[in-house]
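# Descriptive analysis of the structure
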Amino acid sequence: MDIINTIFATLLKPVEFFEKDAQKKTGFGDALLYFVILLIFYSILNTSMAVLLQSLLQDTSLLMFSYLKIDTPLKFILEISLSFIGTFIFLFILMGIIHLFVILLKGKGTYTDTLKADIFASIPVFLFGWIPIVNFFVAILSLVYLVIGLKTYHNFSYGRAIASLLIPLVLISLILFIVVILLIISLSPSIAQLLSNR
């Protein structure tokens, strides 16, 4: 499958694309190759935009690893590499969690089908997610595409596809919220003591 045709088909006719792919089954190796190519593209542009905004706003928090001040080509490449590796690992972990709920909701497909659904659904983010403000809207679009992909590959209803996506995302968000609250509570005496010493 040609990557350019895949991009246009996914962006313009996602339902038709996923239905056709579910029948002819694009190999996971091909899907992973598309993911790697698009992720490299995204990582370079996203890091470049972050560095540009950092220089304009003097705000290092815009970078994935904010302690890195990108002032040399080596550091620029390091930031891109860390962004690439972090996103790559995050994909497999998050889709593994989502696939657990796919299984619980009696989905018909495999773990690689869940990965493929996310890879193809993420195309809008890879292409346009590096643009400020636009990134918010393409992230929502990618979630919609992911629901379509999960429904198609796992022979789901839209309700089950949405549930298999939202339940783990809500649970993960809740766990992270609790962890942050616990950290704040545990650190508050130290912070209070530090402020009192001043």
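Definitions and cut-offs
- Residues numbered from 1 in each chain as written.
- Predicted model: local features only at pLDDT ≥ 70, side-chain atom pairs only at ≥ 80, totals over all residues.
- Heavy atoms only, no water.
- Core = buried A, V, L, I, M, F, W, Y, C linked by side-chain atoms within 4.5 Å.
- Buried < 20%, exposed > 50% of the residue type's maximum accessible area, 1.4 Å probe, protein only.
- Helix = DSSP H or I, 4+ residues; strand = E, 2+ residues; numbered from the N terminus.
- Contact = heavy atoms within 4.5 Å.
- Salt bridge = Lys/Arg side-chain N within 4 Å of Asp/Glu carboxyl O.
- Axes fitted to C-alpha atoms, helices over the stretch in contact; angles between N-to-C directions.
- Parallel < 35°, antiparallel > 145°, perpendicular 65-115°, else oblique.
- Left-handed = near helix turned anticlockwise from the far one by under 90°.
- Nonpolar A, V, L, I, M, F, W, Y, C, P; charged D, E, K, R; others polar.
- Phe/Tyr/Trp six-rings, centres within 6.5 Å; stacked < 30°, edge-to-face > 60°.
- Expected span 1.5 Å × (residues − 1).

### Brief notes about the nonpolar core
Counting 32 residues, the largest nonpolar core has Met-95, Ile-98, Phe-120, Leu-146 and Leu-150 as its most contacted members. Where this core is concerned, the elements lending two or more residues are helix H2 (14–24), helix H3 (28–57), helix H4 (73–104), helix H5 (111–121), helix H6 (123–128), helix H7 (134–153) and helix H8 (158–197). For Leu-146, the residues in contact, after removing those within four places along its chain, are Met-95, Ala-117, Asp-118, Ala-121 and Leu-165.

### Remarks on the pattern of salt bridges
The tally for this structure, following the rule as stated, stands at two salt bridges. As a salt-bridge pair, Glu-16 and Lys-20 come within 3.0 Å of each other at their nearest N and O atoms. On the criterion of helical spacing, the pair formed by Glu-16 and Lys-20 is a turn pair, its members being four residues apart in helix H2. For Lys-20, a relative accessible area of 46% translates into the label partly exposed. Taking the shortest distance from any N to any O, the salt bridge between Asp-21 and Lys-116 comes out at 3.5 Å.

### Comments concerning unusual backbone geometry
Phi angles above zero are rare outside glycine, and Lys-106 is one such case at about 65°. Classification of Lys-106 as exposed rests on a relative accessible area of 61%. Although it is not a glycine, Ile-133 adopts a positive phi angle of roughly 75°. Relative to the helices and strands, Ile-133 is located in the loop between H6 and H7.

### Notes on the packing of H2 against H7
At a closest axis distance of 9 Å, the pairing of H2 and H7 adopts a crossing angle of 30°. As summarised for this structure, H2 and H7 are arranged roughly parallel, according to the angle between their axes. The handedness of the crossing between H2 and H7 comes out as right-handed. Between H2 and H7, the residues in contact are Pro-14, Val-15, Phe-18, Glu-19, Asp-21 and Ala-22 and Tyr-145, Ile-148, Gly-149, Thr-152 and Tyr-153, respectively. Here the contact of H2 with H7 is built from residues that sort into seven nonpolar, two polar and two charged.

### Comments concerning the packing of aromatic side chains
Going through the model one piece at a time under the given rule, you end up with nine aromatic pairs. Centroid distance Phe-35 to Phe-88: 5.6 Å. Interplanar angle 45°. Geometry classified as tilted. Taken together, the positions of Phe-35 in helix H3 and Phe-88 in helix H4 put the pair 53 residues apart, joining distant regions of the chain. Given the relative accessible area of 2%, Phe-35 is considered buried. Between Phe-136 and Phe-137, the aromatic rings sit 5.4 Å apart at their centres with planes inclined by 80°, giving edge-to-face as the arrangement.

### Side note on the environment of Leu-115
Following the sequence through the fold, Leu-115 ends up in helix H5. Leu-115 sits 34 residues away from Gly-149 along the chain, and the two C-alpha atoms are 9.8 Å apart. Apart from the residues lying within four places of it in its own chain, the contact partners of Leu-115 are Phe-28, Leu-91, Phe-92 and Met-95.

### Here we look at H4
With 32 residues, H4 should cover 46 Å at 1.5 Å per step; its first-to-last C-alpha distance of 47 Å lies within 8% of that length. Among the residues of H4, those classed as buried are Glu-79, Ile-80, Ser-83, Phe-84, Leu-91, Leu-94, Met-95, Ile-98, His-99, Phe-101 and Val-102. In the segment just after H4, Lys-106 is the residue with positive phi, at about 65°.

### Quick look at the packing of H5 against H7
At their nearest, the axes of H5 and H7 sit 8 Å apart, and the two run at 150° to each other. As far as their axial angle goes, H7 and H5 are roughly antiparallel. For the element pair H5 and H7, the recorded crossing hand is right-handed. Mapping the contact onto sequence places Asp-113, Thr-114, Lys-116, Ala-117, Asp-118, Phe-120 and Ala-121 in H5 and Ser-142, Tyr-145, Leu-146, Gly-149, Leu-150 and Tyr-153 in H7. Its residues assigned to classes, the contact of H5 with H7 shows seven nonpolar, three polar and three charged.

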